[in-house]
Amino acid sequence: MPLPKIPSKPATILLAKDYPKAEPGKSPVRAAAKAENDPVEDLISGEAVPAKSTRARKSKAALLVEAPSRESTPPAAPATLPAPAREDKSGKNGAVQGVTAKLRETDMNEPHPVKHKPVEVNVKSSVSRKADKAGATKMFVLDTNVLMHDPTSLFRFEEHDVYLPMMTLEELDNHKKGMSEVARNARQVSRTLDALIANTDDDAIEAGIPLAKLGNKDARGRLYFQTRLNAAALPEGLPSGKADNQILGVVRALESDQSGRAIVLVSKDINMRIKARALGLGAEDYFNDHVLEDTDLLYSGIVQLPDDFWDKHGKNMESWQEIKGGNSSTYYRVTGPFIPSLMVNQFVFFEPNNGEAPFQGQVKEINGKTAVFQTLRDYSHNKNNVWGITARNREQNFALNLLMNPEVDFITLLGQAGTGKTLLALAAGLAQVLETKVYNEIIVTRVTVPVGEDIGFLPGTEEEKMSPWMGAFDDNLEVLMKGDSDAGDWGRAATQDLIRSRIKIKSLNFMRGRTFVNKFLIIDEAQNLTPKQMKTLVTRAGPGTKILCLGNIAQIDTPYLTEGSSGLTYVVDRFKGWSHGGHVTLARGERSRLADHASDVL
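Residues numbered from 1 in each chain as written. Predicted model: local features only at pLDDT ≥ 70, side-chain atom pairs only at ≥ 80, totals over all residues. Heavy atoms only, no water.

Student: Would you explain the environment of Leu196 in this entry?
Tutor: With respect to the secondary-structure elements, Leu196 resides in helix α7 (residues 181-197). Considering only alpha carbons, one finds Leu196 and Leu214, 18 residues apart in sequence, at a separation of 7.0 Å. Once you skip the residues sitting within four places of it in the chain, Leu196 turns out to touch Phe155, Ile209, Pro210, Leu211, Lys213, Leu214 and Leu223. (Helix = DSSP H or I, 4+ residues; strand = E, 2+ residues; numbered from the N terminus. Contact = heavy atoms within 4.5 Å.)

This is the structure:
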């Protein structure tokens, strides 16, 4: 069979027809390898080697389907990149980074009907690659934005040394005031540095302070401060008083003082890295906080069963029915080689080609090669509507099964604009607050990151200040509050007042220290949260609280955040397989035919 179509958009908007599908008796990996028997260039050494000799040299399609291909498992099962043999300052293996970058360059050259997503290519500098090949330790000069982005970055470089220029400390001091996340991170870094140099002689500072001094055993390198003025000549025309240029001068001076030692600048500032490369200096981004190198491998929460699934797994199958909450569900206990690739609360579907009825279910238990599937409630039928809303496609039905399940405490919904994330979340919240009374209140919050220019200070109370940011919720509430046309104006006004009284709009700035009990908490635009901010929010949950994170990782507005390091990507990857959590990637836009066509062609 042909290889599955490579999606031209992020994995978060993978279409249903693009889910890789297994075929009995055929291995997609072997087919891909057979088609690529010609020698290819080694991405690291430059030597010609057979294409089938290594996993890293296969096409992205083969990468997407290879991991679950063993024992006839379907390609759609979740996969992750192999763990690096050793990590440097970015926490990622150089070969994996180089291979990923090369694969992305290859994909960019292939014709596709729509334009590609912007991809940040994570490539090691030549200085770093040479040091890895020689097995030598490196010295990393940290820019200020790295420390303010991740206060624990000092301890993320394993056996390598860390160097802090005096200008980095000066900029930390300039950013320590205020209540913002950046100011808090700057103060945390200052406290960490103070603890490291405590009870240390001046000579010891010159010789380097062990980074493992505070108990961080993974950090086996040493911390060096700039203790003297480094006279390094920069090209004429570069302003010597600018902080970035002074740090570049320190890197050049270190290269001349410690010839033979790999000196690499680490910065989140793209222009800073470009200037360093132009000057012939080694410079790299900070990758340690990246959850995934390639977001196309992000867990989607959905997998298609292969065509021969029931032939291989239905021999000793058991089935029974249970009634919970007035709803009857059928359970199947199946055993076979495909089961270990599944995860708890993952959705599975089977669409036969012979006209038989399709199957949609959810994995409830996994024990070795045995799993229990539960059939789903059909929310696409009007009799099962949620506050007047019915599912328009398979993924929306999966999402409503999660949203209406009181046993699921944490849900993440990903998808492009118009897939129905906000509408489904609000409908499920209103149904469970006003009808079944499982929760007593809906709390809505989001990150206040403007797309364009900021409009300045906003007047009024906390909710009044947040109302301009909640236009999307107001639009969806307008749809949900249409209600019965026979109720009259007074009846509709009373319903709107009741709904408004049960929805509270809160700001993220005042979440620290709070505890929510029996609340339905919706976090919109969660892709703009850092992993630390996401942890702060999720840990606010008290007894009986359900938290929903909605977002599209292709639309990140926060500086220094990428698709791989977003807090939304972080929680999707960390919560997968938890029995009280669930994730669904919504695939198809349902807003309007105009919006769907615009998202494809623009």
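Student: Would you mind showing me how to read the nonpolar core here?
Tutor: Generally speaking, nonpolar side chains in soluble globular proteins are found buried as a group. With 37 residues, the main nonpolar core has Leu403, Ile442 and Val584 as its most contacted residues. For this core, the elements supplying multiple residues, two or more each, are β12 (347-350), α12 (394-403), β15 (410-414), α13 (421-435), β16 (441-446), β18 (519-524) and β19 (546-551). Ignoring any residue separated from it by four or fewer positions in sequence, one finds Leu403 in contact with Ile411, Leu413, Leu424, Ala425, Ala428, Gln432, Lys546 and Leu548. Core analysis: the next-biggest nonpolar cluster, separate from the first, contains 24 residues, Leu142, Phe157, Leu164 and Val264 among them. (Core = buried A, V, L, I, M, F, W, Y, C linked by side-chain atoms within 4.5 Å. Buried < 20%, exposed > 50% of the residue type's maximum accessible area, 1.4 Å probe, protein only.)

Student: Explain the packing of aromatic side chains here, please?
Tutor: The relative placement of two aromatic rings is captured by the distance of their centres and the angle of their planes. Per the counting criterion, the structure on display carries 15 aromatic pairs. When the ring of Phe309 is compared with that of Trp310, the centres are 5.0 Å apart and the planes differ by 80°; the resulting orientation is edge-to-face. The class for Phe309 is buried, based on a relative accessible area of 0%. For the pair Trp320 and Tyr331, a centre-to-centre distance of 5.7 Å together with 10° between the ring planes defines the contact as stacked. In this pair, Trp320 is assigned in strand β10 (residues 318-324) and Tyr331 in strand β11 (residues 327-335), connecting sequence segments eleven residues apart. Here the aromatic cluster, defined as three or more aromatic residues joined through ring pairs, consists of Phe309, Trp310, Tyr332, Phe338, Phe350, Phe359 and Phe373. (Phe/Tyr/Trp six-rings, centres within 6.5 Å; stacked < 30°, edge-to-face > 60°.)

Student: Where do I start with the packing of α12 against α13 in this structure?
Tutor: For any two helices packed against each other, the geometry comes down to the angle between their axes and how far apart the axes lie. Close contact between α12 and α13 brings their axes to 10 Å; oriented N to C, the two are set at 35°. Every pair of crossing elements has a handedness; the one defined by α12 and α13 is right-handed. On α13, the residues touching Gln396, Ala399, Leu400 and Leu403 of α12 are Leu424, Ala425, Ala428 and Gln432. Tallied by class, the residues present in the contact of α12 with α13 amount to six nonpolar, two polar and no charged. (Axes fitted to C-alpha atoms, helices over the stretch in contact; angles between N-to-C directions. Left-handed = near helix turned anticlockwise from the far one by under 90°. Nonpolar A, V, L, I, M, F, W, Y, C, P; charged D, E, K, R; others polar.)

Student: Please clarify how the pairing of strand β7 (residues 262-266) should be interpreted in this entry.
Tutor: In regular strands, side chains alternate between the two faces of the sheet. Among the five residues in β7, five count as buried, and that is most of the element. Both faces of β7 are covered, namely the face carrying Ala262, Val264 and Val266 and the face carrying Ile263 and Leu265. The sheet contact formed by strand β3 (residues 138-142) and β7 spans five bridges and is parallel. What sits directly across from Met139, in β7, is Ile263. The handedness of the β7 to strand β8 (residues 282-284) crossover, carried by helix α10 (residues 270-278), is right-handed. (Pairing = 2+ DSSP bridges. Right-handed = clockwise from strand over helix to strand, strands pointing away.)

Student: What am I meant to see in unusual backbone geometry here?
Tutor: Apart from glycine, the bulk of residues carry a negative phi angle, and the bulk of peptide bonds sit in the trans form. In this structure, Trp387 is a non-glycine residue whose phi angle is positive, near 55°. Within the secondary structure, Trp387 is located in the loop between β14 (370-375) and α12. By relative accessible area, which is 19% here, Trp387 ends up buried. Even without being glycine, Asn518 reaches a positive phi, approximately 55°. Assignment of secondary structure puts Asn518 in the loop between β17 (503-505) and β18.

Student: How should helix α6 (residues 166-174) be read in this particular structure?
Tutor: An α-helix turns once per 3.6 residues; consequently, residues spaced three or four apart project the same way. Within α6, the full set of buried residues consists of Met167, Thr168, Glu171 and Leu172. Mapping the buried residues of α6 onto a view down its axis gives an arc of 145°, with all of them on the same face. Looking at the packing, one finds that the buried side of α6 touches β3, α5 (144-149), β4 (161-164), α7 and α9 (243-257). (Arc of directions from axis to C-beta.)

Student: Sorry, what's going on with the sheet that holds strand β6 (residues 222-225) here?
Tutor: The pairing of strands in a sheet comes from backbone hydrogen bonds and takes either a parallel or an antiparallel form. Pairing within the open sheet is mixed, and its six strands lie in the order β5-β6-β4-β3-β7-β8. Of all strands in the sheet, those bounded by a partner on one side alone are β5 (209-210) and β8. Sheet topology places β3 next to β4; three bridges connect them, and they run parallel. Each bridged residue has a counterpart across the sheet, and for Phe140 the counterpart in β4 is Val162. Contacting β3, β7 and β8, helix α4 (residues 126-134) crosses the sheet at an angle of about 135° to β7. Sitting on the sheet, α10 is in contact with β7 and β8, with an inclination near 160° to β8.

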